[in-house]
Amino acid sequence: MSESSSRRSHQAAASPITASFEFFPPKSEKMAETLWNTVQRLAPLEPSFVSVTYGAGGTTRERTHKTVERILRETDLAPAAHLTCVGASKEEVDAIVRDYWALGVRHLVALRGDPLEGIGTRYVAHEKGYAYASDLVAGIKKIANFDISVSGYPEKHPESGNWQTEIDNLKRKVDAGADRIITQYFFDNDMFDAYLDRIAAAGINIPVIPGIVPIHNFEQTMVFSAKCGTSIPQWLARRFAGLANDPETRKLVGVAVACEQVMDLVDRGICDFHFYTMNRADLTYAICHMLGMGKPVHEDMAA
């Protein structure tokens, strides 16, 4: 453990554990039912907020808006709507921002967004749009005083050639008005510690929330990780070896792995987490229960 992580551990030792959850907008009625069951299952854990993703080029714009609106209308949860620069003019994006403020949304997750052709292809900014996340953050702040989260990458963004480029880009987002950093998921906590040290050295002092992905399907996680630049440790691959056709054991291993990672981060002084739920409640609920989140359920004891 680095010197800085030791200081964080000392400072946060008595802090309560909090978490936020990420959902994606459903594509069908059946998926909508699954999502809503997940929302209702996780709501008693009292997350600090729940975020709803936004497809490249606004491909889920309407579904994202409807999901956020329903969360506001039917729950006590605080929704954070994702917003990207891709495929829209500044005028279009600004209109969405104003609509969210009028709806009662006060938290946005500002992202550059993936290229329209998908991860790994060349990003081209809209000729009349916000070019990068830092521009989007500044534009949002001019419209209203939203709470703004931005992304961070403990292993560098796949398009960053070096760490200087990565941290410079992050600092531009912070200087533009970002309030917190939510990281891409990772599996090596030492890498996260090193990332925090780099951030601190650059004079960035806003909260950094580690992104945690409970693994439901290891093969799918491997494919996505290769695209987004997250490394898969050999020990993690060994944990899931031979479980492709054993979903029950896979689920138990997924909870155990995520709990180990989160508990180690707690020992290092981290007390806030962002869970990529994949619109499923089971693993995330179990992990958060292990962390002591939510109100305890009191059961009648037999005399």
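So, a few notes on the structure that sits alongside this text.

Side note on the sheet that holds strand 7 (residues 208–212)
1) Next: Read around the closed barrel, eight strands run 1-2-3-4-5-6-7-8, paired in parallel fashion. Neighbour to neighbour, the strand axes of the sheet diverge by 30° on average, direction disregarded.
2) Next: The strands that helix 7 (residues 189–201) touches are strand 5 (147–152), strand 6 (180–185) and strand 7; relative to strand 7, the one it contacts most, it runs at about 155°.

Focus on the environment of M293
1) Next: Relative to the helices and strands, M293 is located in the segment after helix 11 (282–290).
2) Next: The class for M293 is buried, based on a relative accessible area of 8%.
3) Next: Linking M293 and A19, residues 274 residues apart in sequence, is a C-alpha distance of 8.4 Å.
4) Next: Residues contacting M293, with those up to four places away along its chain left out, are I17, T18, A19, L45 and C288.

Some words on the pattern of salt bridges
1) Next: One pass over the structure, following the stated rule, counts 12 salt bridges.
2) Next: Note that D147 and R180 form a salt bridge whose closest N and O atoms lie 3.0 Å from each other. One end of the pair, D147, is in strand 5; the other, R180, is in strand 6, with 33 residues separating them in the sequence.
3) Next: With a shortest N-O distance of 3.3 Å, K171 and D175 are connected by a salt bridge. Here K171 pairs with D175, and both are found in helix 6 (residues 163–176), just four residues apart, close to one helical turn.
4) Next: What emerges from the salt-bridge pattern is a single network uniting D190, D193, D264 and R268.

Quick look at unusual backbone geometry
1) Next: One non-glycine residue, E46, lies in positive phi territory at about 55°.
2) Next: Tracing the backbone through its elements, the reader meets E46 in the loop between helix 2 (29–42) and strand 2 (50–52).
3) Next: Positive phi is not limited to glycine here, since N279 has a value of about 60°.

Some thoughts on the packing of helix 10 (residues 247–267) against helix 11
The description of two helices packed together rests on the angle between their axes and the distance between the axes.
1) Next: Where helix 10 contacts helix 11, the axes come no closer than 9 Å and their chain directions differ by 40°. By the angle class used here, helix 10 and helix 11 are oblique. Here helix 10 and helix 11 pass one another in a crossing that is right-handed. When helix 10 is examined against helix 11, the residues K251, G254, V255, A258, C259, V262 and M263 are found in contact with a partner set consisting of D282, L283, A286, I287 and M290.

What counts, and where the lines are drawn
Residues numbered from 1 in each chain as written. Predicted model: local features only at pLDDT ≥ 70, side-chain atom pairs only at ≥ 80, totals over all residues. Heavy atoms only, no water. Pairing = 2+ DSSP bridges. Helix = DSSP H or I, 4+ residues; strand = E, 2+ residues; numbered from the N terminus. Axes fitted to C-alpha atoms, helices over the stretch in contact; angles between N-to-C directions. Contact = heavy atoms within 4.5 Å. Buried < 20%, exposed > 50% of the residue type's maximum accessible area, 1.4 Å probe, protein only. Salt bridge = Lys/Arg side-chain N within 4 Å of Asp/Glu carboxyl O. Parallel < 35°, antiparallel > 145°, perpendicular 65-115°, else oblique. Left-handed = near helix turned anticlockwise from the far one by under 90°.

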